[in-house]
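Spelled out, the chains give:
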Amino acid sequence: MEVEGCQGKDGRGRGGRGGRDDYHQHRYQDRRVFGQRHGGAQRNSAGRDVFRHGGDGEESGRGGYGGREWRRSERHPYHRHYHPYRRHYGQRHGGAQGYPAADEDSSYGGRDGSARDGWPSDRGEKWREGESPQQQHYHHQDERVSLQSWAQETPVARQGFRHDGEDVSGRVGYDGRGGGERGIWGRLTAASCSQAGPDLDRSSPTPDPVPNPIIRDVQTGRIPEQMPTVLSSPEKMNRTIPVKRPDKGGQLCIRTVRLHVNHFPVRFNPHSIIRHYDIDVKPAEPKKYDRPEKISKSDLSAIRDKLFMDNPSQFPLSMTAYDGEKNIFSAVNLPEGKFMVQFSEEEDLKYRTYEFSIKLVNELKLCKLRDYLSRNLFSIPRDILQGMDVVIKENPAKCMIPVGRSFHFAEHHPDDDLGLGITVSRGIQYSLKPTVQGLAMCLDYSVLAFRKRMPVLDFLMEHIRGFDLNNFNMFRRDVEQALKNLKVTVTHRITKQKYTIVGLTREKTRDLCFPLVDTDEGNAAPRPVFLVDYFWEKHGRNILYRDIPCLNVSRNKRVNYLPMEFCVLAEGQIYPKEVLENLDNDRAGFLKGISLVRPKERARRIHDMVRSSDGPCSGEIIQNFGIEIDKNMTSVVGRVIGPPMLKLAATTGKEINVSVDKEKCHWNLVGKAVVEGRAVERWAVLDFTENDRFKWNRNQFVRKLIAKCRSLGMKMGEHLFYHCTVMKKLSNIDVLRELLEGLSNQAYEKKGHLQILICVMTRKDEGYKYLKWISETRLGLVTQCCLSNNIEHRGDQYLSNLALKINAKLGGSNVELIDRLPYFRGDSSVMFVGADVNHPGSRNKTSPSIAAVVATVNWPAANRYAARVRPQEHRKEKILHFGEMCLDLVRYYAFRNKVKPEKIVIFRDGVSEGQFDMVLNEELVDLKKAFLAVNYNPTITLIVAQKRHQTRLFPDSERDGNVPPGTVVDTTIVHPFEFDFYLCSHYGNLGTSKPTHYYVLWDEHGISSDELQQLIYNLCFTFSRCTKPVSLVPPVYYADLVAYRGRMYHEAVIEGQSSASTSFDERFFKLHTDLENAMFFV
């Protein structure tokens, strides 16, 4: 049996294509689309000649689109008008059965350019089922026309086609022989149809297509040269996936470096199947609470283990992996249904019966992962990766302490003790990545601060300075703050149960009394019993410390009080780094020192952890699933791209060219000046150190600052006034606002609005956020804060940094590139955009997330930025008003430059691979809608910048150093076919350098690997507040600063507010008009 390859909707002919007139006149617009308006005598068939119709040349081939006659006919309208694009059929497509390859430069034959029985695909751009080349875009004389509408209004009969992500193979049809980069649109044999699985319903009606929301080219008349691929399955037809790599990677470099990367190849049997089961556990007789009873993860795991150990033949424990919640993955078939399990949360309590339901929800065929890695499938099989991830982490989850995605060893080295009841814990974090070399496990060294597993009373003695049990009330507040939400275990009986501390009891232990139901007396009324007596009668334990409160660990309306002396802090409880920094700088520095290990030491620790019997590479479970992990790092060759030449100024003001240091790529300002120094004529000093015991030379600071600014080319006059006050005024928002308003008015009466106010502080203080919120949203006042201790002890370099920040905040230009940025050298108006979202802490359940968007407002220097910041829903990663915020920045760009940017490059921060779809199909759509509403049609490239990953690059050399600045890797460890690369743009002084992972999602410019890598690296030299390249492209760096500034605004606003809803009011976050287009945030 053979299944038809294509079927038109209304085209008078089995396939709906053919005929000469309308096809060759290209009447594809409006309602004259192919499926409705086009037909002819010749028809499509599902045999060897898929497309045949009249015309200047005959389309033929064993199953491909086109043939020798059509390729040679220059008169053919489709060929003639498509020709101006360099990625057209004549140049890119060829091979024995598709277009014949005329020469090596004009077509790709064989593997990259053709398919034996199908439609040839471009290198890196594959056609999917239900998506023909006409669904892409082509050039038609002086206008650009989209055939997307034709594709939408001519649904393809899918009764022989698998959707993206499904598994079809064979000599003909999609994923034809050889697979890889050969997309096929052809016929399916009966055998291949039978292998398609249950999703291939030949009797189901043809689904109505959904228009792609991103591609607006029908309305705009602009066709991008390189289009991302549009998924074609009915449920995904509306989605767009990231662009493919445009080439084989970059070639340019000044030298190469041999590297080891902490990617460990994962081998698996592609014929294996992992069974995915959904489980549901609930009490057989639920307790009578107002809401469903929640079973803890530890109890869920214990119940699962009990069922499996009681029935080892049906439920082999070593053949399964459990994620601790709803999912079990198994290498063998498990029985389905409901099973009763008797389990006791605590060893001295009665057994309860739980209903354990298990249901098969999916069979994960690892051949799909193989097809994805070999580029025969274009939708990432996330369900398979999730299943393999759970399997791999089963061993460390049992042997180590799981903390998020990291695992830490239970035992701690004595040298890692930080005091205060806190210790350093060394561990691992890992992730699975599809790469060019196949699936790889990326494993890195992790360091966290943990509270030690120790008795609660011992912890309080060590953690709270001066703590005295005999004077407990004096420390009650400190105790509650130190213990709230911590988990404890108990010692007065045998149990693994963990309890969460919700607070302290109001009464002392000796006075606590509760009603006790005597189960032996049947329906007897509860009798009151003192806690002290209960512990003696029930557990035979005498409570010693009766004059202190108990821990309140009540939950689900079940009152539960525990004497502190019987409680032990549970292991694996993180001590937040930011809390440690505020508590003790020395201890925070010690933790940082352990975290920032040099490359060789880090590589050694990773090597040991990979080989550890407790780690993810060991244990019998992964072997039972047919998974094997190579214990050797991946070797790659990195390229070092050259740094740009920089533009500074001589002390005379004349522009000079500057070369950076060859090793570190730094530059210094000795004997040099900034490119454009701002005049600082109206400035003042607000000194909060009036009562500070540390005396420093205020007058000398002012003289040195003026001298430094003048030496850097900034015309700085004498300050208007020097006002001294105390740090206490920083902590009261109303007092601080009155003070700042008074100083602003004082300056205005003297000489006009203050350009900048220098604020000197004794220490870092919570009042800093009040100062910034008042000055930047209420007064329109630029401030520059500094610490008196740094002024005294850090010398000339500190003053230089202050001067650079002052100049940038006032609109000056510190450094520029000699040459224009790569790819955009000949363009007249380009904008770079950075976007980020700052989320509240994990324990905060109400505060808004803060979205920030920044954009360059000058070209070609591209080093001046304006910013917009807004609050949005709690922990919402999607930027809800992305289009509106970007459009506002475009309007300012146009106001400043008298022209809107023709090209926009967006850098998005803070999103993982799982959120790429949201960025592409929601944020980008919102942006295009906003632009379309004002008839504005720039070309756009969208790139994600990731710093939260585990990939590390280790030089293969004897010297214990980091990779040099400019090191880029775009082979072996990158995605098999999508456009990503790792770039280490900075010099690593401390620890092991972490490269930034750049991932291109959308590209309407057709930028090559070399051009994009050099562009980003060059941009890293334009960061305004230092004299070295930074690790992250500046638009993202600035967006992160602005988002964090918005977080401070929120914290300042909610102080003293009775309603949390006020923190979502955009008025509190709106920048003052005098500052909204200034770089106040640097």
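Only a predicted model underlies this, so the values are computations on that prediction, with no experimental measurement involved. (Residues numbered from 1 in each chain as written. Predicted model: local features only at pLDDT ≥ 70, side-chain atom pairs only at ≥ 80, totals over all residues. Heavy atoms only, no water.)

Focus: the overall build of the chain
The number of helices and strands found in the chain is 28 helices and 44 strands. In the chain, which comprises 1082 residues, the share counted as buried stands at 57%. In the form shown here, the chain has an accessible surface area of approximately 47,100 Å², with 46% of it arising from carbon and sulfur atoms. (Helix = DSSP H or I, 4+ residues; strand = E, 2+ residues; numbered from the N terminus. Buried < 20%, exposed > 50% of the residue type's maximum accessible area, 1.4 Å probe, protein only. Areas by Shrake-Rupley, 256 points an atom, 1.4 Å probe, with all protein chains shown as cover.)

Let's talk about the side chain of S272
Its location among the elements puts S272 in the loop between β6 (263-268) and β7 (273-283). In this structure S272 touches L364, K365, L366 and F625, once residues within four positions along its chain are discounted. (Contact = heavy atoms within 4.5 Å.)

Re the packing of aromatic side chains
On inspection of all chains with the given rule, the structure shows 26 aromatic pairs. On the basis of an interplanar angle of 90 degrees and a centroid distance of 5.2 Å, the ring pair of F315 and F339 is categorised as edge-to-face. Taken together, the positions of F315 in the loop between α10 (297-310) and β8 (320-322) and F339 in strand β10 (residues 337-343) put the pair 24 residues apart, joining distant regions of the chain. Judged on exposure class, the residue F315 and its partner F339 are both buried. Through a chain of ring-to-ring contacts, the aromatic side chains of Y865, F1023, Y1037, Y1038, F1080 and F1081 assemble into a single cluster. We note R304 situated over the ring of F308; from NZ or CZ to the ring centre the distance is 5.1 Å. The ring of Y430 has R405 lying over it, and the distance from NZ or CZ to the ring centre is 5.8 Å. (Phe/Tyr/Trp six-rings, centres within 6.5 Å; stacked < 30°, edge-to-face > 60°. Lys NZ or Arg CZ within 6 Å of the ring centre and 35° of its normal.)

Examining the packing of helix α21 (residues 733-750) against helix α22 (residues 767-779)
Viewed as axis vectors pointing N to C, α21 and α22 meet at an angle of 50 degrees, and their least axial separation amounts to 10 Å. In this view, α21 runs oblique relative to α22, as classed from their interaxial angle. For α21 against α22, the interelement crossing comes out right-handed. Every residue of α22 that contacts α21 at I733, L736, R737, L740 and E741 is listed here: G767, Y770, L771, W773, I774, R778 and L779. Classifying every residue of the contact of α21 with α22 gives eight nonpolar, one polar and three charged. (Axes fitted to C-alpha atoms, helices over the stretch in contact; angles between N-to-C directions. Parallel < 35°, antiparallel > 145°, perpendicular 65-115°, else oblique. Left-handed = near helix turned anticlockwise from the far one by under 90°. Nonpolar A, V, L, I, M, F, W, Y, C, P; charged D, E, K, R; others polar.)

A closer look at the sheet that holds strand β22 (residues 551-552)
Here we have three strands laid out as an open sheet, ordered β19-β22-β23, and antiparallel in their pairing. A single partner strand is all that each edge strand has here, and the edge strands are β19 (503-504) and β23 (561-562). Here β22 runs beside β23; their pairing, made up of two bridges, is antiparallel. Among the inter-strand pairings, N552 is bridged to a residue of β23, identified as Y561. (Pairing = 2+ DSSP bridges.)

Some thoughts on the packing of helix α13 (residues 456-463) against helix α14 (residues 472-483)
Here α13 crosses α14 at 115 degrees, and the two axes come no closer than 11 Å. Classified by the angle between their axes, α13 and α14 sit roughly perpendicular to one another. The element α13 and its partner α14 pack so that their crossing is right-handed. Contact with α13, carried on its side by V456, F459, L460 and H463, involves V479, A482 and L483 of α14 and no other residues of that element. Here the contact of α13 with α14 is built from residues that sort into six nonpolar, one polar and no charged.

Side note on the environment of V640
Note on placement: V640 falls in strand β27 (residues 634-640). Here V640 falls in the buried class, since its relative accessible area comes to 2%. Dropping the residues within four chain positions of it, V640 is found in contact with C253, I254, R255, V257, P964, P965, G966 and T967.

A few points about helix α17 (residues 585-595)
Turning to α17, its buried residues number three or more, namely A588, L591 and I594. Projected down its long axis, α17 shows its buried positions confined to an angular sector of 120 degrees, all on one face. Opposite the packed face of α17, turned more than 90 degrees from it, sit the exposed residues N585, D586 and K592. Where α17 is buried, its residues contact β15 (422-435), β16 (438-451) and α16 (577-583). (Arc of directions from axis to C-beta.)

Some remarks on the pairing of β27
For β27, the buried fraction is high: five of the seven residues fall into the buried class. Relative to β27, strand β5 (residues 255-261) is paired through seven bridges, and the arrangement is antiparallel. Along β27, the bridge assignment pairs T256 with R639. In this structure, β27 lies alongside strand β42 (residues 967-969), joined through two bridges in antiparallel fashion. Looking at the pairing, V640 lines up with T967 of β42.

A short note on the confidence of the model for the chain
Residues of the chain with pLDDT of at least 70 account for 76%, and the chain-wide mean is 81. Of the regions scoring below 50 in pLDDT, residues 230-235 engages in 24 contacts with residues more than four places distant in sequence or in other chains. (pLDDT = per-residue confidence, 0-100.)

With respect to unusual backbone geometry
Across residues other than glycine, the phi torsion is negative in most instances, and most of the peptide bonds are trans. In this model, W859 is joined to P860 through a cis peptide bond whose omega is 15 degrees. Phi angles above zero are rare outside glycine, and Y823 is one such case at about 75 degrees. Locating Y823 in the fold gives a position in the loop between β35 (816-817) and β36 (830-838). For Y823, a relative accessible area of 26% corresponds to the partly exposed category.

Considering the nonpolar core
Burial of nonpolar side chains together is a common tendency in soluble globular proteins. Judged by nonpolar contacts, the single largest core of 150 residues is most densely connected at W683, F701 and F832. With nine residues, the single largest contributor to this core is helix α28 (residues 1034-1054). In terms of nonpolar packing, the next biggest core, distinct from the first, is built from 55 residues, L432, M441, M609 and V610 among them. (Core = buried A, V, L, I, M, F, W, Y, C linked by side-chain atoms within 4.5 Å.)

Examining the pattern of salt bridges
In total, this model carries 43 salt bridges according to the counting rule given. Here D630 and R267 are joined by a salt bridge, their closest N and O atoms 3.8 Å apart. Of this pair, D630 sits in the loop between β26 (627-629) and β27 while R267 sits in strand β6, and the two are 363 residues apart along the sequence. In this structure, the salt-bridge partner of E766 is K769, at a minimum N-O distance of 2.4 Å. Salt bridges linked by common partners bring R304, D305, E394 and K398 together as one network. (Salt bridge = Lys/Arg side-chain N within 4 Å of Asp/Glu carboxyl O.)

Things to note about the sheet that holds strand β33 (residues 756-761)
Spatially, the four strands line up as an open sheet ordered β32-β31-β33-β34, and their pairing is parallel. Only two strands of the sheet have a single partner each, and these edge strands are β32 (722-724) and β34 (783-787). Direction aside, the axes of adjacent strands within the sheet are offset by 20 degrees on average. Where strand β31 (residues 683-687) meets β33, five bridges bridge the pair, whose relative direction is parallel. Its bridge partner being in β33, W683 is matched across the sheet by I756. Across the sheet, α21 lies against β31, β32 and β33, angled at about 150 degrees from β31, the strand it touches most. Each of β33 and β34 is contacted by helix α24 (residues 795-809), which is oriented at about 165 degrees to β34, the strand it contacts most.

A short note on the pairing of β16
Counted residue by residue, β16 has 13 buried out of 14 residues, so it is predominantly covered. With three bridges connecting them, β6 and β16 associate as antiparallel partners. Looking at the pairing, P265 lines up with A440 of β16. Pairing analysis gives 14 bridges linking β15 to β16, with the strands arranged antiparallel. In the strand pairing of β16, T423 is matched with F450. Relative to strand β25 (residues 573-574), β16 runs antiparallel, the two being bridged by two bridges. Looking across to β25, one finds that R451 is bridged to Q573.

A few points about helix α27 (residues 1009-1019)
Taken across its eleven residues, α27 has ten buried, putting it largely inside the fold. Every buried residue belonging to α27 is among S1009, D1010, L1012, Q1013, Q1014, L1015, I1016, Y1017, N1018 and L1019, and all of these are buried.

Focus on the environment of H413
Within the secondary structure, H413 is located in the loop between β13 (406-408) and β14 (417-419). H413 sits eleven residues away from V424 along the chain, and the two C-alpha atoms are 8.3 Å apart. Reaching out from H413, the side chain makes a polar contact with the backbone nitrogen of D415 at a distance of 3.0 Å. (Polar contact = N/O pair within 3.5 Å; in protein donor to acceptor, adjacent residues only side chain to side chain.)

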